[in-house]
Amino acid sequence: MNIFLRIGSFCFLYWGIIACNNNKPADSLSNKVVADTAKYYPIANFISDEMKYVDLRNFTIVEKISKGIDTSSRKISKDDFLSAASIVLQKAQWFTANKNLFIESVFQDLGTESYTINYSSSKAHIKNIDLLLNQQTNLPKRLFIRVIQQSEDTTITEQFSWIANKQFVISSSKRTQQGYTESSIKEISWKNQDQ
C-alpha cells in the first residue's frame, strides 16, 4: 500500500509541475474562429436529393394549378419540375445559411409514428419550418415551410409543402388591408409511368 501512496504522490507532483510550467498565453475569443456547432437537419439536402431522384427516373410529372375557382392540370417536363422545385430549394438553402435566426424544438408524435422538428423565427421572413421524420428510419416524410412578408399594405403568405417521394405544393395568398384576397395553389406530383 505504501508503494501506491508513493506512486500517487509522484504523479500528483509531476502533473502539478507540468501545469505550473505551462507558459502558453491563453487564446482570446477575438483570435479564434468560432465554428458553427448547430446541428440543424439538412433540409436543403433533402430537397436536392428528391429533385435528383425525380430527374433520374422516367416518372410522369403532373402540375395542377388552382387560382380562385379555376383549376387546370397538365403533364410537365423534368425541366419544368426542376424549375418549380428550385423555388423550395432556395428557401431551404436560405434557412441553412441563416439558421442562427431560428429556434429549434422537437417532439414525438405517436399518432403518426414520427418526430416533428420545428424551426421558428420572429426575425426572418421564413416564420416556421416543420419537418416530420419517420420514427424508425429518421428519414423525412413531410416538410412544411411558411413564409410571411409585408409589401406596403399587402401581406403575402407562402406555404411550401413537400411529401417525400410523391409531391410538393406551393400555395400563396395575398391580403390587403382593405380586405382584398387572392390565392393560388400549384401542386406537382410524380409517379412511375408503369403504375
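Counting from 1, residues in each chain are numbered in the order their sequence is written. Confidence filtering applies because this is a predicted model: local features only for residues at pLDDT of at least 70, side-chain atom pairs given and counted only at 80 or more, and all residues used for totals across whole chains, interfaces and linings. Calculation of side-chain values draws on the structure's entire complement of heavy atoms; hydrogens and water are dropped beforehand.

A. Main features of the overall build of the chain. By definition, any uninterrupted DSSP run of H or I lasting at least four residues is a helix, any uninterrupted run of E lasting at least two residues is a strand, and each is numbered from the N terminus. Within the chain one finds three helices and nine strands. Taken from N to C terminus, the helices and strands of the chain fall in the order α-α-β-β-α-β-β-β-β-β-β-β. Residues counted as buried form 29% of the 195 residues belonging to the chain. Every accessible area reported is derived by Shrake-Rupley at a probe size of 1.4 Å, with residue values counting cover from the shown protein chains alone. Surface summary for the chain: the accessible area is close to 13,500 Å², and the carbon and sulfur share equals 52%. For every residue, the accessible area (1.4 Å probe, protein chains only) is compared with the maximum for its type, and the residue is labelled buried under 20%, exposed over 50%, or partly exposed between those bounds.

B. Quick look at the confidence of the model for the chain. Known as pLDDT, the predictor's confidence for each residue is given on a scale from 0 to 100. With 78% of its residues at a pLDDT of 70 or more, the chain has an overall mean of 83. The secondary-structure element of the chain with the lowest mean pLDDT is helix α1 (residues 2-20), recorded at 47, while helix α3 (residues 78-97) shows the highest, at 96. Should any heavy atoms of two residues lie within 4.5 Å, those residues are considered in contact. Note on residues 10-19: pLDDT is under 50 here. Beyond four places in sequence and across chains, it has zero contacts. Note on residues 24-37: pLDDT under 50 across the span, and two contacts to partners over four residues away in sequence or across chains.

C. Representation of the packing of aromatic side chains in the model. Pairing of aromatic side chains requires ring centres within 6.5 Å, counting the rings of Phe and Tyr and the six-membered ring of Trp. Pairs whose planes differ by under 30 degrees are stacked, by over 60 edge-to-face, and all others tilted. A complete count under the given rule lists ten aromatic pairs for this structure. When the centroid spacing of 5.6 Å and the interplanar angle of 50° are considered together, the rings of Tyr53 and Phe59 count as tilted. Take Phe59: its relative accessible area is 13%, and that puts it in the buried class. Put simply, the rings of Tyr40, Phe95, Phe102 and Tyr119 pair up and form one aromatic cluster.

D. View of α3. One less than the residue count of a helix, multiplied by 1.5 Å, gives the span that helix is expected to have. Taking 1.5 Å of rise per residue, 20 residues should cover 28 Å, and α3 covers 27 Å from first to last C-alpha, within 8% of that figure. The term bend refers to the angle at a residue between two fitted axes, each drawn through seven residues, those ending there and those starting there. The axis of α3 is deflected most strongly, by about 30°, at Ser86.

E. Fine view of the nonpolar core. We define the nonpolar core as a collection of buried residues of types Ala, Val, Leu, Ile, Met, Phe, Trp, Tyr and Cys that are connected through side-chain atoms lying within 4.5 Å of one another. Counting residues in hydrophobic clusters, the biggest one holds 35 residues, and the most contacted among them are Ile47, Phe81, Leu143, Trp162 and Phe168. Top element by residues in this core is α3. It accounts for seven residues. Filtering out sequence-adjacent residues up to four positions away, Ile47 remains in contact with Ala85, Val88, Leu89, Ala92, Leu143 and Trp162.

F. Structural view of the environment of Leu133. In this fold, Leu133 is placed in strand β5 (residues 126-134). For Leu133, a relative accessible area of 5% translates into the label buried. For Leu133 and Tyr115, which are 18 residues apart along the polypeptide, the C-alpha to C-alpha distance reads 5.1 Å. Setting aside anything within four residues of it in sequence, one finds Leu133 in contact with Tyr41, Glu113, Ser114, Tyr115, Ile117, Asn138, Leu139, Pro140 and Lys141.

G. Region of the structure containing unusual backbone geometry. Residues other than glycine seldom take positive phi values, yet Glu152 does so here, at roughly 55°. With a phi close to 60°, Asn165 is a non-glycine residue in the positive phi region. Looking at where Asn165 falls in the secondary structure, it is placed in the loop between β7 (154-163) and β8 (167-176). On the accessibility criterion, Asn165 (48% relative accessible area) is partly exposed.

H. The arrangement of the pattern of salt bridges in detail. Salt-bridge detection follows one rule: a side-chain nitrogen of Lys or Arg within 4 Å of a carboxyl oxygen of Asp or Glu. Within this structure, the stated rule accounts for two salt bridges. The closest approach of N and O atoms between Glu63 and Lys186, which form a salt bridge, is 3.8 Å. Of this pair, Glu63 sits in strand β1 (residues 59-67) while Lys186 sits in strand β9 (residues 181-192), and the two are 123 residues apart along the sequence. Judged by relative accessible area, Glu63 falls into the buried class, the value being 7%. Judged by its relative accessible area of 27%, Lys186 is partly exposed. Three or more residues are tied together by salt bridges with common partners; here these are Glu63, Arg74 and Lys186.

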